[in-house]
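# Results of the structural survey
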Amino acid sequence: MMQVYRLAALSDNYIFILVDEASRSVAVVDAGDAVVVLNFLKDQNLSLSMILNTHYDGDHVAGNRRLLQAFPGIPVYGNAIDRGRIPGQTVFLNDGDRVQVGDSVGRVLAVPGHRHGHLAYYFEASADLFCGDVIFSAGSGRIKDCTPEQMQQSLAKLRSLPDATKIWCAHEYTLDNLRFALTIDPDNLELQSRMLEVKELRSRSQPTIPTIMGFEKRTNPFLRWDAEAIRSRLGTTGDVETYTEVRSRKNQF
Ligand code: FE
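Here is a short report on the structure shown in this document. Keep in mind it's a predicted model, so treat the numbers as computed, not measured. (Residues numbered from 1 in each chain as written. Predicted model: local features only at pLDDT ≥ 70, side-chain atom pairs only at ≥ 80, totals over all residues. Heavy atoms only, no water.)

## Considering the packing of aromatic side chains
- Taken as a whole and judged by the stated rule, the model has 10 aromatic pairs.
- Plain terms: the ring middles of Tyr14 and Phe16 are 6.4 Å apart, the flat faces sit at 35° to each other, and that makes the pair tilted.
- Taking the relative accessible area as the measure of exposure, Phe16 reaches 1% and is therefore buried.
- Clustering of aromatic rings is evident, with ring pairs tying together Tyr14, Phe16, Phe123, Phe130 and Trp168. (Phe/Tyr/Trp six-rings, centres within 6.5 Å; stacked < 30°, edge-to-face > 60°. Buried < 20%, exposed > 50% of the residue type's maximum accessible area, 1.4 Å probe, protein only.)

## Some remarks on the side chain of Ser126
- If you trace the backbone, Ser126 turns up in the loop between strand S9 (119–123) and strand S10 (128–130).
- Apart from residues no more than four positions distant in its own chain, Ser126 is found in contact with Met1, Met2 and Lys166. (Helix = DSSP H or I, 4+ residues; strand = E, 2+ residues; numbered from the N terminus. Contact = heavy atoms within 4.5 Å.)

## Points about the packing of helix H5 (residues 174–184) against helix H6 (residues 189–203)
- One way to put it is that H5 packs onto H6 with a least axis distance of 10 Å and a crossing angle of 155°. By the criterion of interaxial angle, the relationship of H5 to H6 is roughly antiparallel. Every pair of crossing elements has a handedness; the one defined by H5 and H6 is left-handed. Of the residues in H6, those touching H5 at Thr174, Leu175, Leu178, Arg179, Ala181 and Leu182 are Leu191, Gln192, Arg194, Met195, Val198, Lys199 and Arg202.
- Of the residues assigned to the contact of H5 with H6, the class counts are 7 nonpolar, 2 polar and 4 charged. (Axes fitted to C-alpha atoms, helices over the stretch in contact; angles between N-to-C directions. Parallel < 35°, antiparallel > 145°, perpendicular 65-115°, else oblique. Left-handed = near helix turned anticlockwise from the far one by under 90°. Nonpolar A, V, L, I, M, F, W, Y, C, P; charged D, E, K, R; others polar.)

## Remarks on the sheet that holds S9
- If you trace the 6 strands from one edge of the open sheet to the other, you get S7-S8-S9-S10-S13-S14, paired in mixed fashion. Of all the strands in the sheet, the pair left with one neighbour each is strand S7 (98–101) and strand S14 (211–212).
- Here S10 pairs with strand S13 (residues 166–168) via 3 bridges, running parallel. Its bridge partner lying in S13, Asp128 is registered against Lys166. (Pairing = 2+ DSSP bridges.)

## Overview of the nonpolar core
- Leu18, Tyr121, Phe130 and Leu158 are the most contacted members of the largest nonpolar core, which totals 46 residues.
- Structurally, this core is a two-domain feature, drawing no fewer than three residues from each of domain 1 (2–168) and domain 2 (174–251).
- Excluding anything up to four places from it in sequence, Leu18 contacts Met2, Gln3, Val4, Ser25, Val26, Ala27, Val29, Leu52, Val101, Phe123 and Phe130.
- Residues Ala9, Leu46, Leu48 and Ile74 belong to the second largest nonpolar core, which totals 22 residues. (Core = buried A, V, L, I, M, F, W, Y, C linked by side-chain atoms within 4.5 Å. Domains from an automatic or database assignment.)

## Focus: the coordination of the iron ion
- The coordination sphere of the iron ion contains the protein donors Asp59 (OD), His60 (NE2), Asp133 (OD) and His171 (NE2), at a distance range of 2.1 to 2.5 Å.
- Each of the 4 donor atoms bound to the iron ion contributes to angles spanning 82 to 170°, and the resulting shape is irregular.
- When the donors of the iron ion are listed by position in the chain, the intervening gaps give D-H-x72-D-x37-H. On the criterion of sequence distance, the pair formed by His60 in helix H2 (residues 58–61) and His171 in the loop between S13 and H5 is long-range, its members being 111 residues apart. Side by side, His60 and His171 carry an identical accessibility label, which is buried. (Donors = N, O, S within 2.8 Å, 3.2 Å for Na, K, Ca; no water. Tetrahedral: all angles 85-135°; square planar, octahedral: opposite > 155°, others 65-115°.)

## Structural notes on the sheet that holds strand S6 (residues 91–93)
- One open sheet accounts for 6 strands, arranged S1-S2-S3-S4-S5-S6; its pairing is mixed. Each of the sheet's edge strands pairs with one partner strand only, and the pair in question is strand S1 (2–9) and S6. On average, each strand axis in the sheet is tilted by 25° relative to the strand beside it, whichever way the strands run.
- The sheet contact formed by S1 and strand S2 (residues 13–20) spans 8 bridges and is antiparallel.

Given below as structure tokens:
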């Protein structure tokens, strides 16, 4: 079975360490800070087997070179279209490819929207999704070099995964996201109670990640373009139109 460890890094990032218990294979997802990763590996007496990158923004790849110095020759995975942008990249992935951490198999999902080359890694057997800056708890990443249509399609692709999927997103933005979400969907009782839970967790500096897909489908305004309550509040009709209106309101929030 694959174990996931969540490391807090930089101001509000999470770095994930995946350990396949049987083989002791170890992957890091988005090593934004090498020191955080190296300290963890040393404490746990683990050796790094590979680096998986979701996209090339600095807070996701800045530790690659330093980790390669500590573990020379390990493979560095990223989107084929990010060739030249991800430091140390050696494996050039496309949608539908597979990655393996020991015996744990992850499916590569192309999810353009935040970045054109953004990837998610989905480990079906353990129901773990590493989706970088595409879905956050109660939120979603900004559109940087893509269209709203692309982002909405990527969100739809991830939303089609099973409800039990654990969403390991790359940032602790949940409290701010919930403040915004309640302006879009104020009568949502689950959203209201999530706010109470998250306020309490964050007052003790506790993480709100992972979140669960089924819950996000019912509460995250960026995944609810077809919810009548939201459409009527925003005065929108289509899926992309509704998503785009939520996005633009969040940009101004
Ligand atoms: Fe980021």
